Amino acid sequence: MRVVIVGAGKLGYTIAELLSNEQMEVTVIDHEEEQLTAVKNNLDVLTITANGASPITMDDPDVNGADVFIAVTGTDEVNMVACILAKKHGIKHTIARIRDMQFISEAKEYLKKNFDIDLMLNPEMIAAHEIYRILMTPAALDVDEFAGGKIRLFEVKINRDSRYVGIPLKKLKLPTGVLAGLIFRDHEMIIPHGDDFLQVHDNAYFIGFPDAIENFSSNFVQQDSRKLERVMIIGAGRIARTLSVMLINADVNVKVIEKDRDRCEDMAQILTGDSIAIYGDGTNVDLLAQEGVASADVVVCLTEDDKLNLMMALLAKHLGAKKTVVRVYRTEYADLIEKVGVDVVISARLLSAAEVLAFVRRGGVVSVSILEGARAEAVEVIVQSGARVAGKKLMDVRLPKSCLVCAYVRKNKAAIPNGNTILEPGDRTILFCLRGAAQEVMTWFN
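Predicted model only: the values in this text are computed from it and were never measured.

**Student:** Before we go on, may I ask you to explain the sheet that holds strand 1 (residues 2-6) in this structure?
**Tutor:** For sheets, the rule is that strands pair by backbone hydrogen bonds, running either parallel or antiparallel. Spatially, 6 strands are ordered 3-2-1-4-5-6 in an open sheet, and the strand pairing comes out parallel. For this open sheet the edge positions go to strand 3 (46-49) and strand 6 (119-121), each flanked by a neighbour on one side alone. Looking at each pair of strands side by side, their axes are set apart by 15° on average, direction ignored. Of the pairings in the sheet, the one linking strand 1 to strand 2 (residues 25-30) comprises 5 bridges and is parallel in character. Its bridge partner lying in strand 2, arginine 2 is registered against glutamate 25. Along the sheet, helix 4 (residues 76-88) makes contact with strand 4 (68-71) and strand 5 (93-97), crossing strand 5 at roughly 175°.

**Student:** Hey, could you run me through the nonpolar core in this one?
**Tutor:** Grouped burial of nonpolar side chains is what soluble globular proteins tend to show. Judged by nonpolar contacts, the single largest core of 57 residues is most densely connected at Ile5, Ile15, Leu19, Val28, Ile70 and Phe445. Per element, the largest residue contribution to this core is 8 residues, and it comes from helix 14 (residues 348-361). Among the nonpolar cores identified, the runner-up in size contains 27 residues, and Ile239, Leu243, Val252 and Val256 belong to it.

**Student:** Can you help me understand the sheet that holds strand 21 (residues 413-415) in this one?
**Tutor:** Spatial strand order, 18-19-22-20-21: 5 strands in an open sheet with antiparallel pairing. Of all strands in the sheet, those with a lone pairing partner are strand 18 (365-371) and strand 21, marking the two edges. Ignoring strand direction, the axes of neighbouring strands in this sheet form an average angle of 20°. Bridging between strand 19 (residues 376-382) and strand 22 (residues 428-434) involves 7 bridges; their strand directions are antiparallel. Note that in strand 22 the partner of alanine 378 across the bridge is phenylalanine 432. The strands touched by helix 14 within the sheet are strand 18 and strand 19, with strand 18 carrying the most contacts at an inclination of about 150°.

**Student:** When you look at unusual backbone geometry in this model, what are you seeing that I'm missing?
**Tutor:** Backbone geometry follows two general trends: most residues other than glycine have a negative phi, and most peptide bonds adopt the trans configuration. Located in the positive-phi region is histidine 201, a residue other than glycine, with phi close to 80°. Summarising the element assignment, histidine 201 is placed in the loop between strand 10 (188-190) and strand 11 (203-208). With relative accessibility at 56%, the residue histidine 201 sits in the exposed group. A positive phi angle is found at arginine 398, which is not glycine, with a value near 60°. In this structure, arginine 398 sits in the loop between helix 15 (394-397) and strand 20 (403-410).

**Student:** So what exactly am I meant to see when it comes to a negative patch on the surface here?
**Tutor:** Negative charge collects at one region of the surface, where Asp260, Asp262, Glu265 and Asp266 lie side by side. Mapped onto the elements, aspartate 266 comes out in helix 10 (residues 261-270). According to the relative accessible area criterion, aspartate 266 is partly exposed, its value standing at 47%.

**Student:** I tried to follow the side chain of serine 162 on my own but got confused; where do I start?
**Tutor:** With respect to the element layout, serine 162 can be found in the loop between strand 8 (151-157) and strand 9 (178-185). Engagement of the side chain of serine 162 in a polar contact is seen with the backbone nitrogen of tyrosine 164, the distance being 3.2 Å.

**Student:** Where do I start with the packing of aromatic side chains in this structure?
**Tutor:** Note on aromatic pairs: each is described by the distance of the centres and the angle between the planes. Following the criterion strictly, the structure yields 6 aromatic pairs and no others. A ring pair is formed by phenylalanine 154 and phenylalanine 220, whose centres lie 6.0 Å apart and whose planes are at 45°; its orientation type is tilted. With a gap of 66 residues between them, phenylalanine 154 in strand 8 and phenylalanine 220 in the loop between helix 8 (210-217) and strand 12 (230-234) connect regions that are remote in the sequence. Phenylalanine 220 carries the same exposure label as phenylalanine 154, and that label is buried. Arranged with centres 4.8 Å apart and planes meeting at 70°, the rings of phenylalanine 206 and phenylalanine 216 form a pair that is edge-to-face. One end of the pair, phenylalanine 206, is in strand 11; the other, phenylalanine 216, is in helix 8, with 10 residues separating them in the sequence. One aromatic cluster is present, formed by Phe154, Tyr164, Phe206, Phe216 and Phe220 through successive ring pairs. Across the ring face of tyrosine 279, the terminal group of arginine 261 is positioned such that the distance to the ring centre comes to 4.2 Å. Directly above the aromatic system of tryptophan 444 lies the positively charged group of arginine 388, at a separation of 3.9 Å from the ring centroid.

**Student:** How should helix 7 (residues 123-135) be read in this particular structure?
**Tutor:** What sets the pattern is the α-helix's 3.6 residues per turn: residues three or four places apart point alike. The end-to-end C-alpha separation of helix 7 is 18 Å, in line with the 18 Å expected for 13 residues at 1.5 Å each. Residues of helix 7 that are buried include every one of Pro123, Glu124, Ile126, Ala127, Ala128, Glu130, Ile131, Ile134 and Leu135, and no others.

**Student:** Looking at this model, I keep getting lost on the environment of glutamate 130. Mind explaining?
**Tutor:** As for its placement among the helices and strands, glutamate 130 is situated in helix 7. Glutamate 130 gets classed as buried once you look at its relative accessible area, which sits at 5%.

**Student:** Which parts of the structure should I look at to understand the pairing of strand 18?
**Tutor:** Walk down a regular strand and you will see the side chains alternate between the two sheet faces. Taking burial as the measure, the 7 residues of strand 18 include 5 buried ones, the bulk of the element. Taken together, the 6 bridges between strand 18 and strand 19 define a ladder with antiparallel strand orientation. Counted as the bridge partner of leucine 371 is alanine 376 from strand 19. Between the antiparallel neighbours strand 18 and strand 19 lie 4 residues, among them glutamate 372 with a positive phi of about 50°.

Reading guide: rules and limits
Residues numbered from 1 in each chain as written. Predicted model: local features only at pLDDT ≥ 70, side-chain atom pairs only at ≥ 80, totals over all residues. Heavy atoms only, no water. Pairing = 2+ DSSP bridges. Helix = DSSP H or I, 4+ residues; strand = E, 2+ residues; numbered from the N terminus. Axes fitted to C-alpha atoms, helices over the stretch in contact; angles between N-to-C directions. Contact = heavy atoms within 4.5 Å. Core = buried A, V, L, I, M, F, W, Y, C linked by side-chain atoms within 4.5 Å. Buried < 20%, exposed > 50% of the residue type's maximum accessible area, 1.4 Å probe, protein only. Patch = residues over 30% accessible without salt bridge, like charges linked within 9 Å, V, L, I, M, F, W, Y side chains within 5 Å. Areas by Shrake-Rupley, 256 points an atom, 1.4 Å probe, with all protein chains shown as cover. Salt bridge = Lys/Arg side-chain N within 4 Å of Asp/Glu carboxyl O. Lys, Arg positive; Asp, Glu negative; His and termini not counted. Charge placed at Lys NZ, Arg CZ, Asp CG, Glu CD. Polar contact = N/O pair within 3.5 Å; in protein donor to acceptor, adjacent residues only side chain to side chain. Phe/Tyr/Trp six-rings, centres within 6.5 Å; stacked < 30°, edge-to-face > 60°. Lys NZ or Arg CZ within 6 Å of the ring centre and 35° of its normal. Expected span 1.5 Å × (residues − 1).

Interpretation note: all reported values are geometric properties and have no functional meaning in isolation.
Below is the structure:
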């Protein structure tokens, strides 16, 4: 498959990296040579220095005839024009990054219908929804849903006092409708088998029916935890504005700290009820203490500086904050940030790239969730007629060991499979795949 990406910034780089790892033919276009340097030096892709929204560029043989065109520059209008031109030049599928929240909330269908854009990406809105889902599940490091909400993924850190430590999974009595799917330990993703067991500090991924997962997750909530009531957000950018509205609508009190006066005033116009915006520096220990960081259920650090976010999260923890969430731009920092005590690390780039990956794969793939910095994926795929996996017991199919079938939905009813389960064409199947295995695994379902 041939894919053209316009925009070699952080998001464009991440998408190009994921797609090139899938052995796709990727071309990256940017009008600034400097932006293309990192792509040239690190990725096995073709680069073109040109204006990606120019008809001349569309006539380039390395662009014309591509299967998918992705415009992710920092300017919405450029991305929309580039997608329109791509369709005019015969490229069937287009994806545009749209950062303006008003476009997404008020004109999404208009843009799809009149501009013929197949997928619109708003990384900030995607990140805000992800943080909200995690905050609404107290013990979770990550939460995701599949098959229209019929299957839920739940990631949790295994603490020393957990009753699940050291027991082989084949002897572990998990509730009906819950499956232990993945273990992240010492920078390695493990698809567990019956003799494997959970260890202290593991990140464990459980998957199952939403009600069962919700009840099961209560086993990991600390005794002194309570309903989410107070959230402190440091940084008043796009993610913060979207997240604040969602939290306020869920009856959560929000306090936002922002050192830019204009941003702070814009945020103040959005907040309602007892929620407030404070003009100040989130690294000021006295300010944090004065504004009650110790009584906050969660502190969310959303500035545009990774190192600053880390420092503020550690300050908040030191002052008594119960849980911290940090947004990172550089995904290679994620492991380090989690190791020093931050509870949840979010990358808007990886979340957006996962949506692109699902779209580009197509062939029955409905969604992709990238786990632990792309060490593994949770993939929702529809079993196609004639697929190798269809009509056979899973124990007889001999799927690769780097893959685990976790759940499936048939005729609107969710189920957890076992070795005797027979998948049928049309089943919505949720899989865990280790890094680099997804492309091979998909051939069994297509």
